Protein chains: 2
Amino acid sequence: MFEQLGLIGCGLMGGSFALAMKRAGLVKRVVGYSKSPSTTERARQMGIIDVEAPSALLAVSGADLVLLAVPVSATEATFKAIRHLITNNMLIMDVGSTKRDVVDAARKVLRDHIGSFVPAHPITGKEVSGVEHTDPELYRGKQVVLTPIDKTQPGHLKRAQELWEGLGCHVQQMAPEAHDAAFAAVSHLPHLLAFALVHAISSQPQGKDFLSLAGPGFRDFTRIAASDPKMWRDVMLANRLELVEQAKMFQRSLLNMLQEAEQGNGEKLEEMIAQASLVRTHWRMGQKK
Amino acid sequence: MFEQLGLIGCGLMGGSFALAMKRAGLVKRVVGYSKSPSTTERARQMGIIDVEAPSALLAVSGADLVLLAVPVSATEATFKAIRHLITNNMLIMDVGSTKRDVVDAARKVLRDHIGSFVPAHPITGKEVSGVEHTDPELYRGKQVVLTPIDKTQPGHLKRAQELWEGLGCHVQQMAPEAHDAAFAAVSHLPHLLAFALVHAISSQPQGKDFLSLAGPGFRDFTRIAASDPKMWRDVMLANRLELVEQAKMFQRSLLNMLQEAEQGNGEKLEEMIAQASLVRTHWRMGQKK
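Predicted model, so just to flag it, every value in this text is computed and none were measured.

### Focus on the overall build of chain A
The number of helices and strands found in chain A is twelve helices and nine strands. On the principal axes, the C-alpha backbone points of chain A span a range of 70 × 40 × 30 Å. Taken over 289 residues, chain A has a buried fraction of 52%.

Have a look at this one:
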């Protein structure tokens, strides 16, 4: 049970976290701050936060739990804004979808207080964002990846694990690098491929005619290409190292398959397709191995 | 109204065509042949065909309409098997998802009778195949692309157009090359990318761990990677020229985006993502422009 949550960012992720914490009886009071004062006000009116803070620093003041729910590109600036009021008893978490850049920012800015920070990535979201779409059930049943480093205080890590479990999440721990490699493979690269395909088709003179013939396969494959450009620009930049690594391995498979097709080598081509088809047929979302 | 349909291939596509033609009152009698005798027998028992033919040649005998509903890789052999009984009054069509290879096979084998052949690609299907999944509604409301060549008899082309419209389809005409370019872009390349991504992930030592973290974006993006390996091997081989062309344009977009990400050039990266996101947000399946 926490006394006071300092919430920085009252949008979909942050606001939903506050609502879930309250509903689970895991926090007594929420002090919130958003960059836009109207968001902060709306969050108070909606009962998401109890007190509006005029700055990120003041949202942290007196808190025993702090959640950063800001775009990953704003993480370092937010750490800088709050570092003077951070104490070693405070548990600090984020919800960003990349972890190495967040850990780097934490090392750089938090220094002696880095042990208080438990980097977290709850695997959830919606196509829509903003305080008006907050949902106390957003986290229930979802996976949360914690990426502690050697300096993370074991007590804080344990409290973080229990907190997310208290919200109905399945928690696992990974190194920040392993986390970023995994999400480059199963999320960031697929987004990039979908963006690149639609970009390439729509850049051709006959692109519109082509698109008018596209069916349900195209619809599902490119659904993620409609995602928010600013958010995905940030994710691609933040995780570019692992993204480039995964893209190299993808290129190896793609160029192999294209080459087998060009050379009319049906047997090898079918073998590679069959490997993929078998793996995908047996894959189930959220299922371990 | 046709007197007799000679149906070669009584599976999902062919069987559903026969059922739809009967229901629309567009044909009096269906003589059917399938490579597997048990399929042909089943088709007769199910009322899809009226008479079982012991060979493709005998299925064609006496027909004024012939439909080839066989894998694209079997088109040339099927033309060879039936050419001695083809007459200039017969309308012959296929249902293949690539057209240049089918037209090439027709030119090579049918020669003087090529004018009877109207290449057709009805854009429909199911995840499942076989005579037991035939459905008289499979074609209703769907798009059909006809790809006539200079030698196609205008009378046959007109009859083909009216036939598909009689089944409730939206018919359009394109050159075989334009058809193959369009489907390379919106169908064959997306399949190849999805196969390559799953192949690349599952070839990594940590692939299983990565896959256990994948969410709904990955699920939809890779749905088509579970498709039938033999069928897609054939499609990729049959349409390799256009597939390679589309892959080149895709690579240009992908490598540009990766380069902007690597160089930390967020503005250019966002611009490319935004183009794709805008196009995909406004795209609606089956909608012209």
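Additional details are given in the paragraphs that follow.
### Observations regarding the domain arrangement of chain A
Residues and elements named next belong to chain A. Examined at the domain level, chain A breaks down into domain 1 (2-174) and domain 2 (178-282). Inter-centroid distance (C-alpha atoms) of domain 1 to domain 2 is 32 Å. Across the contact, twelve residues belong to domain 1 and nine residues belong to domain 2. Partitioned by chemical class, the residues of the side of domain 1 that touches domain 2 number four nonpolar, five polar and three charged.

### With respect to the sheet that holds strand β8 (residues 143-146) of chain A
Residue and element names in this part refer to chain A. Pairing within the open sheet is mixed, and its three strands lie in the order β7-β8-β9. The sheet is open, and its two borders are formed by β7 (120-122) and β9 (170-173), each paired with just one other strand. Neighbour-to-neighbour, the strand axes of this sheet turn through a mean angle of 20°, independent of strand direction. Note that β7 and β8 share three bridges and pair antiparallel. When the sheet's bridge partners are listed, H121 is paired in β8 with V145.

### Digging into the nonpolar core
L7 and L67 of chain A together with L7 and L67 of chain B are the most contacted members of the largest nonpolar core, which has 201 residues in total. The residues touching L7 of chain A, leaving out its near neighbours within four places in the chain, are G14, A18, V30, V31, G32, I49, A59, L67 and A69 of chain A.

### Some words on the relation of the copies chain B and chain A
The operation linking the two copies of the chain is a rotation about an axis combined with a translation along the axis. The operation relating chain B to chain A is a screw motion whose rotation component is 180°, with 0.0 Å of axial translation and a residual RMSD of 0.1 Å. Between the two chains, the operation in question is that of a two-fold axis. Using C-alpha coordinates, one finds that chain B approaches the rotation axis most closely at F221 of chain B, a distance of 2.0 Å. Most of the interface of chain B is mirrored in chain A, where 100% of its interface residues are also at the interface.

### As for the confidence of the model for chain A
Should pLDDT be low for a region, the predicted coordinates there are not to be read in detail. Residues of chain A with pLDDT of at least 70 account for 99%, and the chain-wide mean is 96. What the predictor reports for the complex is a pTM of 0.87 with an ipTM of 0.87.

### Concerning the interface of chain B and chain A
At the interface, 78 residues of chain B touch 79 residues of chain A. The set of elements that each furnish at least two residues to the side of chain B that touches chain A consists of α7 (176-202), α8 (207-212), α9 (216-221), α10 (229-238), α11 (240-262) and α12 (266-282) of chain B. Tallying contributions element by element places α7 of chain B first for the side of chain B that touches chain A, with 18 residues.

### Some points on the packing of α7 of chain B against α11 of chain B
Residue and element names in this part refer to chain B. The contact between α7 and α11 brings their axes to 9 Å, and the two run at 70°. As summarised for this structure, α7 and α11 are arranged roughly perpendicular, according to the angle between their axes. Note on packing geometry: the crossing formed by α7 with α11 is right-handed. Each of D180, A181, A184, A185, H188, L189 and L192 in α7 lies in contact with α11, whose residues at this interface are E242, L243, E245, Q246, A247 and F250. Broken down by class, the residue content of the contact of α7 with α11 amounts to eight nonpolar, two polar and three charged.

### Side note on the sheet that holds strand β4 (residues 65-68) of chain A
The strands making up a sheet associate through hydrogen bonds between their backbones, and the pairing can be parallel or antiparallel. Residue and element names in this part refer to chain A. Spatial strand order, β3-β2-β1-β4-β5-β6: six strands in an open sheet with parallel pairing. Among the strands making up the open sheet, the edge pair consists of β3 (51-52) and β6 (117-118). The pairing of strand β5 (residues 91-94) with β6 spans two bridges and is classified as parallel. Its bridge partner lying in β6, I92 is registered against F117. Contacts between helix α6 (residues 154-166) and the sheet are confined to β5 and β6, with β5 contributing the most and set at about 55° to the helix.

### A short note on helix α12 (residues 266-282) of chain A
Helix length check: α12 of chain A, at 17 residues, gives a terminal C-alpha distance of 24 Å against a target of 24 Å (1.5 Å per residue), a fit within 8%. If you check which residues of α12 of chain A are buried, you get L269, M272, I273, A276, S277, V279 and R280 of chain A. Angularly, the buried residues of α12 of chain A cover 165° about the axis, an arc narrow enough to put them on a single face. In α12 of chain A, the exposed residues that point more than 90 degrees away from the buried face are E267, T281 and H282 of chain A. Those residues of α12 of chain A hidden inside the fold are in contact with α11 (240-262) of chain A together with α7 and α10 of chain B.

The rules we used
- Residues numbered from 1 in each chain as written.
- Chains lettered and ligands numbered in written order.
- Predicted model: local features only at pLDDT ≥ 70, side-chain atom pairs only at ≥ 80, totals over all residues.
- Helix = DSSP H or I, 4+ residues; strand = E, 2+ residues; numbered from the N terminus.
- Buried ≥ 20, exposed ≤ 12 C-beta atoms within 10 Å, placed from the backbone.
- Domains from an automatic or database assignment.
- Contact = placed C-beta atoms within 7 Å.
- Nonpolar A, V, L, I, M, F, W, Y, C, P; charged D, E, K, R; others polar.
- Pairing = 2+ DSSP bridges.
- Axes fitted to C-alpha atoms, helices over the stretch in contact; angles between N-to-C directions.
- Core = buried A, V, L, I, M, F, W, Y, C linked by C-beta atoms within 7 Å.
- Least-squares fit on C-alpha atoms with pLDDT ≥ 70 in both.
- pLDDT = per-residue confidence, 0-100.
- Parallel < 35°, antiparallel > 145°, perpendicular 65-115°, else oblique.
- Left-handed = near helix turned anticlockwise from the far one by under 90°.
- Expected span 1.5 Å × (residues − 1).
- Arc of directions from axis to C-beta.

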